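Structural overview for review
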Amino acid sequence: MSINFKNFVKQVSVNNPNEPEFLQAVTEVVEDLIPFINEHRPDLIDQKILERMVEPERVVSFRVAWLDDKNEIQVNRGFRVQMNSAIGPYKGGLRFAPDVNLSILKFLAFEQVFKNSLTSLPIGGGKGGSNFDPKGKSDQEIMRFCQSFMTELQRHIGSETDVPAGDIGVGSREIGYLFGQYKRLQNNFSGVLTGKGVQWGGSYIRPEATGYGLLYFVQCVLDYHNDTMEGKTVSISGAGNVAYYAAEKAIQLGAKVITLSNSQGTIYDKEGFTLEKLHFIAGLGRDLGKYAKKYSSATYHAKENPWQFKCDIALPCATQNEISEADAKLLIKNGCKIVAEGANMPSTAEAIKVYIQHKILFGPGKAANAGGVAVSGLEMSQNAIGQQWSSEKVDHRLKLIMENIHKTCVRYGKDNNGFVNYLRGANIGGFIKVAEAMKAQGVV
Ligand code: GLU
């Protein structure tokens, strides 16, 4: 008996109509898993492990009604996708953005299962959020929205059930308001959310973790290929938390970072950013154009993404499907050798085909950006034992986790000719542990 790739994908698409992002994420994973299972693990076929993994354990969708500053009623939709709890409580961020829908959250929750498994920490996979757009909202509106959102979510989560965190549109401010409301309703101070402030149960290095972890992963890739970061030209997209700390660490490691961007445009600085320039960007808000007015080495490119500029390493840190097939071809034409994803699924399926065909060293998000959730896992450990570790200790553990993820990718992704297909390595490496746990726990 064997699994047929085409039939499997077709069935998933029939079962999940109008969910293109979810189908994209599933296809990207099972393209590697099905040949592996057919050849090496026929026992997992009878167990219907893959069929079970693409079905969320639970999905909740709920109304979030709140009052805006004009005292008008606003209505949004909230979700939590509890994808897989075979190796630990559901874990994954909350995203507040106008394009949030079930397809996007199911793709993110599915990716999270593999990512969390790769960290080697005992955390399952989930994701949630709302189509609420935080842009242009007052602080009071954000607070009222978060309180209403948590009033429903609190009955579905818990420090040993499901532990949400931040994602796009959810940072330390939102985690604060969500945590305050949870504690008030449950009368319980527990590690139910991660990304908390360091004064009230948070972990040092959590804000930096995704960006720093991404660079530690890239360092492993370079080291494995007898190379270093020193003098490399790096293009980064995004201007949020992940992009910012990725840029900071890349600069500290001796690289030249030439771009940052948001949905309105890209800044390109031919001399590269310094830590001081980065600091200036952090204070700009959404108007990145102001940077080029201050620094003559820079230009601002409205409505353009960063992939047209010559670089050695590309780090997409903005959002899903931000690198098209044409962008991927342009990157390669300009000499890019490494693409590592700080965002979740920023490369389209077509772009990934281009990378693999041209033997680009491609670190998929589930491996390369796992540092964020890894430090969330460390935050859970600290909460569970009532301690707070130093930033040096957390940073050191983050580095070890990223090295370990790199090792797992090499173990399962190395071709006979020595080329490392990191995507296959991450897919298989993340899968094995979850599959074994599901098999051991019976038909649930
Ligand atoms: N949203 C982040 C991710 O995509 C972090 C999740 C978490 O810390 O739970 O992995």
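Summary of the structure given here. (Residues numbered from 1 in each chain as written. Predicted model: local features only at pLDDT ≥ 70, side-chain atom pairs only at ≥ 80, totals over all residues. Heavy atoms only, no water.)

Glancing now at the packing of aromatic side chains. Enumeration according to the criterion identifies 22 aromatic pairs in this entry. On the basis of an interplanar angle of 90° and a centroid distance of 6.0 Å, the ring pair of Phe96 and Phe132 is categorised as edge-to-face. Residue Phe96 is located in strand β3 (residues 90–96), and its partner Phe132 is located in the loop between β4 (125–130) and α6 (139–153); the two are separated by 36 residues in the primary sequence. Each member of the pair, Phe96 as well as Phe132, carries the same accessibility label: buried. Relative to Tyr245, the ring of Tyr212 lies with its centre 6.0 Å away and its plane at 85°, an arrangement referred to as edge-to-face. Of this pair, Tyr212 sits in helix α8 (residues 206–224) while Tyr245 sits in helix α9 (residues 241–252); the two residues are 33 residues apart in sequence, bridging distant segments of the chain. (Phe/Tyr/Trp six-rings, centres within 6.5 Å; stacked < 30°, edge-to-face > 60°. Helix = DSSP H or I, 4+ residues; strand = E, 2+ residues; numbered from the N terminus. Buried < 20%, exposed > 50% of the residue type's maximum accessible area, 1.4 Å probe, protein only.)

Below, the discussion takes up the pairing of β3. Counting buried positions over the seven residues of β3 gives seven, a clear majority of the element. Relative to strand β5 (residues 162–165), β3 is paired through four bridges, and the arrangement is parallel. By the bridge assignment, Gly92 is partnered in β5 with Pro164. Across three bridges, the pairing between β3 and β4 is parallel. Residue Phe96 lies in a different strand from β4, and its bridge partner there is Ser130. (Pairing = 2+ DSSP bridges.)

Okay, the site of the ligand next. Near the ligand lie 13 residues; those nearest to it are Lys91, Lys115, Gly166, Asp167 and Ser376. Here Asp167 contributes a side-chain N or O atom positioned 2.8 Å from a nitrogen atom of the ligand. In the environment of the ligand, an oxygen atom lies 2.5 Å from a nitrogen or oxygen atom belonging to the side chain of Ser376. In isolation the ligand has 290 Å² of accessible area, and contact with the protein removes 94% of it. For the shell around the ligand, the secondary structure elements donating two or more residues are β3, α5 (102–118) and α15 (371–385). (Near = heavy atom within 4 Å. Polar contact = N/O pair within 3.5 Å; in protein donor to acceptor, adjacent residues only side chain to side chain. Areas by Shrake-Rupley, 256 points an atom, 1.4 Å probe, with all protein chains shown as cover.)

The next thing to look at is the pattern of salt bridges. Working definition: two side chains of opposite charge can pair if their charged atoms are close together. Under the defined criterion, the tally for this structure stands at 18 salt bridges. Asp167 is the salt-bridge partner of Arg95, the closest N and O atoms lying 2.7 Å from each other. Residue Arg95 is found in strand β3, and its partner Asp167 is found in the loop between β5 and α7 (172–186); the two are separated by 72 residues along the sequence. A salt bridge links Arg424 to Asp415; the shortest N-O distance between them is 2.8 Å. Arg424 sits in the partly exposed class, given a relative accessible area of 21%. According to the relative accessible area criterion, Asp415 is partly exposed, its value standing at 23%. What emerges from the salt-bridge pattern is a single network uniting Arg41, Asp43, Glu436 and Lys439. (Salt bridge = Lys/Arg side-chain N within 4 Å of Asp/Glu carboxyl O.)

What follows concerns the sheet that holds β5. Sheet architecture is open: five strands sit in the order β1-β2-β4-β3-β5, paired in mixed fashion. Where the open sheet ends on each side, the last strands, each with one partner, are β1 (58–67) and β5. On average, adjacent strands in this sheet sit at an angle of 20° to one another, irrespective of strand direction. Against the sheet, α6 engages β1, β2 (73–84), β3, β4 and β5, with an angle of about 140° to β1. (Axes fitted to C-alpha atoms, helices over the stretch in contact; angles between N-to-C directions. Contact = heavy atoms within 4.5 Å.)

With respect to the helices and strands, Ser237 occurs in strand β6 (residues 233–237). Its relative accessible area of 1% is what places Ser237 among the buried residues. Looking at Ser237, its side chain comes within polar contact range of the main-chain nitrogen of Cys317, at 3.0 Å. Among all residues touching Ser237, those that are not within four sequence positions of it are Ala243, Ser261, Pro306, Trp307, Leu315, Pro316, Cys317, Ala318 and Glu322.

Phi is positive for Asn226, which is not a glycine, with a value near 55°. Looking at the element boundaries, Asn226 is found in the loop between α8 and β6. Using a relative accessible area of 75% as the deciding quantity, one classes Asn226 as exposed. Phi is positive for Lys303, close to 60°, though the residue is something other than glycine. Summarising the element assignment, Lys303 is placed in the loop between β9 (298–302) and β10 (313–316).

This next bit is on α9. An ideal rise of 1.5 Å per residue puts 16 Å on 12 residues; α9 measures up with 17 Å between its terminal C-alpha atoms. The buried fraction of α9 amounts to 10 of the 12 residues, a majority that puts the element mostly inside the structure. Listed as buried for α9 are Val242, Ala243, Tyr244, Tyr245, Ala246, Ala247, Glu248, Lys249, Ala250 and Ile251. In this fold, the buried residues of α9 make contact with α8, β6, β7 (256–262) and α10 (275–282). Note on α9: the residue one or two positions beyond its end, Gly254, has a positive phi of about 95°. (Expected span 1.5 Å × (residues − 1).)

All right, on to the nonpolar core then. Counting 63 residues, the largest nonpolar core has Phe217, Met229, Ile236, Leu315 and Ile405 as its most contacted members. If one sorts the elements of this core by residue count, α8 sits on top with nine residues. When sequence neighbours within four positions are dropped, the list of residues in contact with Met229 reads Leu215, Val218, Gln219, Leu222, Val234, Ala250, Leu253, Gly254, Ala255 and Ile313. Residues Phe36, Ile49, Leu108 and Tyr412 belong to the second largest nonpolar core, which totals 43 residues. (Core = buried A, V, L, I, M, F, W, Y, C linked by side-chain atoms within 4.5 Å.)

Packing of α9 against α10 brings their axes to within 10 Å, and their N-to-C directions diverge by 170°. By the angle class used here, α9 and α10 are roughly antiparallel. Residue-level inspection shows Tyr244, Ala247, Glu248 and Ile251 of α9 in contact with α10, the latter providing Leu275, Leu278, His279 and Ala282. Residues belonging to the contact of α9 with α10 are distributed by class as follows: six nonpolar, one polar and one charged. (Parallel < 35°, antiparallel > 145°, perpendicular 65-115°, else oblique. Nonpolar A, V, L, I, M, F, W, Y, C, P; charged D, E, K, R; others polar.)

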